[in-house]
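Letter by letter, the chains look like this.
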There are 2 protein chains.
Amino acid sequence: VAEAVNQPEQPQMRSSEEFDLIASIRERLGSQPGERARVGIGDDAAVTVPGGATATTIDAIVEGVHFRSSWCPPRAVGERAMATALSDLAAMGAEPGEAYVWLGRPEWLDRESCLALCDGLAVVAREAGVAVLGGDLTASPALAVCVTAVGHAEREGELVGRAGARPGDAICLSGSIGGAGAGLLALSSPELVAGVPEELRAPAIARLLAPRPRLELGRALARAGASAMIDVSDGLGADAEHLAAASEVGIEIDLGLAPLGAGVEAIAAAAGRDPLELAAGAGDDYELLCAIPPGRVEVARRAAAEVGIALTEVGRCEKGSEAVRLNRPGGGVVAPGGHDHLRG
Amino acid sequence: VAEAVNQPEQPQMRSSEEFDLIASIRERLGSQPGERARVGIGDDAAVTVPGGATATTIDAIVEGVHFRSSWCPPRAVGERAMATALSDLAAMGAEPGEAYVWLGRPEWLDRESCLALCDGLAVVAREAGVAVLGGDLTASPALAVCVTAVGHAEREGELVGRAGARPGDAICLSGSIGGAGAGLLALSSPELVAGVPEELRAPAIARLLAPRPRLELGRALARAGASAMIDVSDGLGADAEHLAAASEVGIEIDLGLAPLGAGVEAIAAAAGRDPLELAAGAGDDYELLCAIPPGRVEVARRAAAEVGIALTEVGRCEKGSEAVRLNRPGGGVVAPGGHDHLRG
């Protein structure tokens, strides 16, 4: 993937093993041709002919910060890295196009693991129709993967930012939340959830380790008239706050309306955690949260159903303070930054 | 720069200090508007209207691999990270356009150092007319910076890859080489070069710590008819090998013709190193190496002179083996991967 390993501080000739690894990586990552691509992996830069408008995002995941190798196998690292970047394109309503990958390889990551990671990147890219056109492979003290993803639209106006929500708009959420957070609990504290049946643990863990960006849905919601959109990567509360701040509206969400992922309630109960706090605070579910003008909600719901995903109206935008309020069903609220609770 | 710090493994609310840092980073990096940019830092993705053809490259530099903080201050880390990526655009003959940055911040990198690093990124971007449209700031065990750079051309055919060199083409080198390698020697082994006058050490060190991509020159050489081009980031020998392999030609270079950077001979002598091996093997000079059809060499030389940079014919492309031969002036050769010598 890379030409830039050789640097003076730890100068290293590429060994034949390394050249072979790079060739194998190229095979895995470079197979999707890309309709806008003219030159892919292997030159100083990739060449594309984009046309229209592009949406571009950069995201990285780092061992010890976003995952631990003890619970996140290399393939899942690749899947999560690619999904995280593509999820931002989904949140713009962009058609996914190309990806560029940097892989920081620690010494312990052997050839097989390195290729498994690339398989993870490739499977998510392939499912999304994304061409991996460039990359860089370097040594690194910690495993890290940085992905730049480029999406497209015919016109700039087709892309949906965070700033367009208006008071009175409905707040809608795709799919379910809390699954990835519950999966993390299950993997990081297996002793706590030992009594939870496998069929409830497995979907939560899969949600964490094999996330899929809601790309088709994002485009459908953009066409249906979403006024603002964001992906739920930091947690429902935190991402609602991002949207509220960008759009300069207040947001009120009824947590009782938000569908919880399979296994969330059972895992939260086993771990002595409040399922609503877990669901509102944990990130990594990669659902879409959007504002939709009241007259378009039904259209949006049908558009979501057509791509096989439930869209639930969970709240509304209000004039004023840019504050986010997460109401509990029986009264009371959950703090938007529920994330913090995971810390203790 | 980022919205994606919060992740479940080390869940962290952004503190007000962190929000303030991000605001300060945005001020530093987001000031260049970018003629193709419609939405910059702060949404899920940046929005641009590129048109024509784009060249896209991703590069990362990592502490302990590409630099050590003992000799590379934060501002230089930023300058080097941005220059490395933009140099790939120069080597394509692309007009520089946009950049996207991931900064992996270790705990020891305080606010001031973080901003100094961003100032380094910004100064190189600003000089090049590059708009930084997106970013991601996360915690990281080691300091790492990943930059994706996007360049433009009106038509795909204006971009110059590595694969177009033909037997008979001249091999030309911009500027001088060996400076960054000598600078690294001076910084990493100060005791060896204590006797070298400051006025010979300073330019070599500046070459290493404050590199500038040859963007204007790259475009000029593309217009002048360069058939293949690469930036000298891995070292003259290694990068000539990349070009030879991509173009399926042999390359012969007369090292005696290649201009050495200021201080290279003095520093090499003081360190007991062969200056030609140092110059051919060390990377990071970010000069351009290109193949030019014989009838266009004079045109290319004048085009380079017009942007203030010397272009020297140092060799030629030959039929055959894709091998690179680096001739010493008095006979004998230097191994193309001279890099390896720095290891011992």
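Everything that follows concerns the structure shown earlier in this document.
Residues numbered from 1 in each chain as written. Chains lettered and ligands numbered in written order. Predicted model: local features only at pLDDT ≥ 70, side-chain atom pairs only at ≥ 80, totals over all residues. Heavy atoms only, no water.

Undergrad: Account for the overall build of chain A, naming residues and giving values.
TA: Broken down by element type, chain A carries ten helices and 13 strands. The C-alpha atoms of chain A give 21 Å as radius of gyration, which agrees with the globular expectation for 344 residues (20 Å, within 12%). Long-range contacts, defined as pairs at least 24 residues apart, comprise 84% of the intrachain contacts of chain A with a sequence gap of at least 6. Accessible surface, chain A as shown: approximately 11,600 Å² in total, 49% of it carbon and sulfur. (Helix = DSSP H or I, 4+ residues; strand = E, 2+ residues; numbered from the N terminus. Rg over C-alpha atoms; globule rule 2.2 N^0.38 Å. Contact = heavy atoms within 4.5 Å. Areas by Shrake-Rupley, 256 points an atom, 1.4 Å probe, with all protein chains shown as cover.)

Undergrad: Explain the packing of helix α6 (residues 215-224) of chain B against helix α10 (residues 297-306) of chain B to me, using residue names and the numbers behind them.
TA: All names here are of chain B. Look at α6 against α10: their axes get within 9 Å of each other, and the N-to-C directions meet at 155°. The angle between the axes of α6 and α10 places the two elements in the roughly antiparallel class. Crossing angle aside, the handedness with which α6 passes α10 is right-handed. Counting all contacts with α6, which are made through L217, A220, L221 and A224, the residues of α10 involved are V299, A300, A303 and A304. Here the contact of α6 with α10 is built from residues that sort into eight nonpolar, no polar and no charged. (Axes fitted to C-alpha atoms, helices over the stretch in contact; angles between N-to-C directions. Parallel < 35°, antiparallel > 145°, perpendicular 65-115°, else oblique. Left-handed = near helix turned anticlockwise from the far one by under 90°. Nonpolar A, V, L, I, M, F, W, Y, C, P; charged D, E, K, R; others polar.)

Undergrad: Please give an account of the environment of V232(B) that cites residues and values.
TA: Residue and element names in this part refer to chain B. One can find V232 in the loop between β8 (228-231) and α7 (236-247). Note: C-alpha distance between V232 and L215 (17 residues apart in sequence) is 13 Å. Setting aside its immediate chain neighbours within four residues, V232 contacts L173, D239, D284, D285, Y286, E287, L288 and L289.

Undergrad: Tell me what's going on with the nonpolar core, and back it up with residues and numbers.
TA: M82(B), L86(B), L121(B), V145(B), V147(B) and L221(B) are the most contacted members of the largest nonpolar core, which totals 85 residues. Examining the composition of this core, we find that eleven residues originate from one element, helix α2 (residues 74-92) of chain B, more than from any other. When near neighbours in sequence (up to four residues on either side) are disregarded, L86(B) contacts V124(B), A128(B), V130(B), A149(B), P213(B) and L215(B). In this structure, L21(A), L29(A), A53(A) and A128(A) belong to the second largest nonpolar core, which totals 71 residues. (Core = buried A, V, L, I, M, F, W, Y, C linked by side-chain atoms within 4.5 Å. Buried < 20%, exposed > 50% of the residue type's maximum accessible area, 1.4 Å probe, protein only.)

Undergrad: Can you lay out the sheet that holds strand β10 (residues 288-292) of chain B for me, pointing to particular residues and giving the numbers?
TA: All names here are of chain B. Taken together, seven strands build an open sheet; the order of strands is β8-β10-β7-β11-β9-β12-β13 and the sheet is mixed. Edge positions in the open sheet fall to β8 and β13 (333-334), since each of these has one partner strand only. In terms of strand pairing, strand β7 (residues 170-174) meets β10 through four bridges, oriented antiparallel. Bridged to A170 within β10 is I292. The strands touched by α2 are β8 and β10; relative to β8, the strand with the most contacts, the crossing angle is about 165°. In this fold α10 packs onto β7, β10 and β11 (311-318), with an angle of close to 145° to the strand it touches most, β11. (Pairing = 2+ DSSP bridges.)

Undergrad: Talk me through the pattern of salt bridges; I want residue IDs and the actual numbers.
TA: Per the counting criterion, the structure on display carries 38 salt bridges over all chains. Between R38(B) and E156(A) there is a salt bridge, and its shortest N-O distance comes to 3.5 Å. Remark: E156(A) occurs in the loop between β6 (144-153) and β7 (170-174) and R38(B) occurs in strand β1 (residues 37-39); the pair is interchain, linking two chains. A relative accessible area of 41% means that R38(B) is categorised as partly exposed. A relative accessible area of 36% means that E156(A) is categorised as partly exposed. As a salt-bridge pair, E287(B) and R214(B) come within 2.8 Å of each other at their nearest N and O atoms. Taken together, the residues span a long stretch of sequence, with E287(B) in the loop between α9 (275-281) and β10 and R214(B) in the loop between α5 (198-209) and α6 at a distance of 73 residues. (Salt bridge = Lys/Arg side-chain N within 4 Å of Asp/Glu carboxyl O.)

Undergrad: So what's going on with the sheet that holds strand β5 (residues 131-139) of chain B? Which residues, and what values?
TA: The sheet built from six strands is open, its strands ordered β1(A)-β2(A)-β3(B)-β6(B)-β4(B)-β5(B) with mixed pairing. Sheet topology places β1 (37-39) of chain A together with β5 of chain B at the edges, where each strand pairs with a single neighbour. In this sheet, adjacent strand axes meet at a mean angle of 20° when their direction is disregarded. Direction of pairing for strand β2 (residues 46-48) of chain A relative to strand β3 (residues 53-62) of chain B: antiparallel, over a ladder of three bridges. Bridge pairing in β3(B) links V47(A) to A55(B). Helix-sheet contacts for helix α1 (residues 16-29) of chain B involve β4 (95-105) and β5 of chain B, and the interaxial angle to β5(B) is about 155°.

Undergrad: Lay out the pairing of β4(B) with the relevant residues and their values.
TA: Residue and element names in this part refer to chain B. Burial analysis of β4 places ten of its eleven residues in the buried class, the great majority of the element. Where β4 lies against strand β6 (residues 144-153), nine bridges are found, and the strand directions are antiparallel. Opposite P96, over in β6, you have G151 as the bridge partner. Here β4 runs beside β5; their pairing, made up of eight bridges, is parallel.

Undergrad: Could you give an account of the state of the cysteines, naming the residues involved and the relevant values?
TA: Residues and elements named next belong to chain A. The final tally for this structure, using the stated rule, is zero disulfides over all chains. There is no disulfide at C114, and the cysteine sulfur nearest it, in C118, is 5.3 Å away. Exposure remark for C114: the relative accessible area of 0% places this residue in the buried category. (Disulfide = S-S within 2.5 Å.)

Undergrad: Before we move on, can you summarise the environment of A262(B) with the specific residues and values?
TA: All names here are of chain B. Tracing the backbone through its elements, the reader meets A262 in the loop between β9 (250-254) and α8 (264-270). Given a relative accessible area of 49%, A262 falls into the partly exposed group. In sequence terms A262 and A204 are 58 residues apart; their C-alpha atoms lie 6.4 Å from each other.

Undergrad: Give a detailed account of the side chain of D44(B), specifying residues and quantitative values.
TA: You can see D44(B) is positioned in the loop between β1 and β2 (46-48). On the basis of relative accessible area, D44(B) is assigned to the buried category, the value being 3%. Only 3.0 Å separates the side chain of D44(B) from the side chain of R162(A), close enough to count as a polar contact. (Polar contact = N/O pair within 3.5 Å; in protein donor to acceptor, adjacent residues only side chain to side chain.)

Undergrad: Which residues make up α2(B), and what are the values?
TA: Residue and element names in this part refer to chain B. The end-to-end C-alpha separation of α2 is 28 Å, in line with the 27 Å expected for 19 residues at 1.5 Å each. In terms of burial, α2 is largely enclosed, as 18 of its 19 residues are buried. Positive phi shows up at G93, right after α2, with a value of about 70°. (Expected span 1.5 Å × (residues − 1).)

Undergrad: Which residues make up helix α5 (residues 198-209) of chain A, and what values go with them?
TA: Residues and elements named next belong to chain A. Over its twelve residues, α5 runs 16 Å from end to end, which matches the ideal 16 Å to within 8%, given 1.5 Å per residue. Of the residues making up α5, those classed as buried are A204, R207, L208 and L209. Each element contacted by the buried residues of α5 is listed here: α2 (74-92), α4 (179-188), α8 (264-270) and β10 (287-292).

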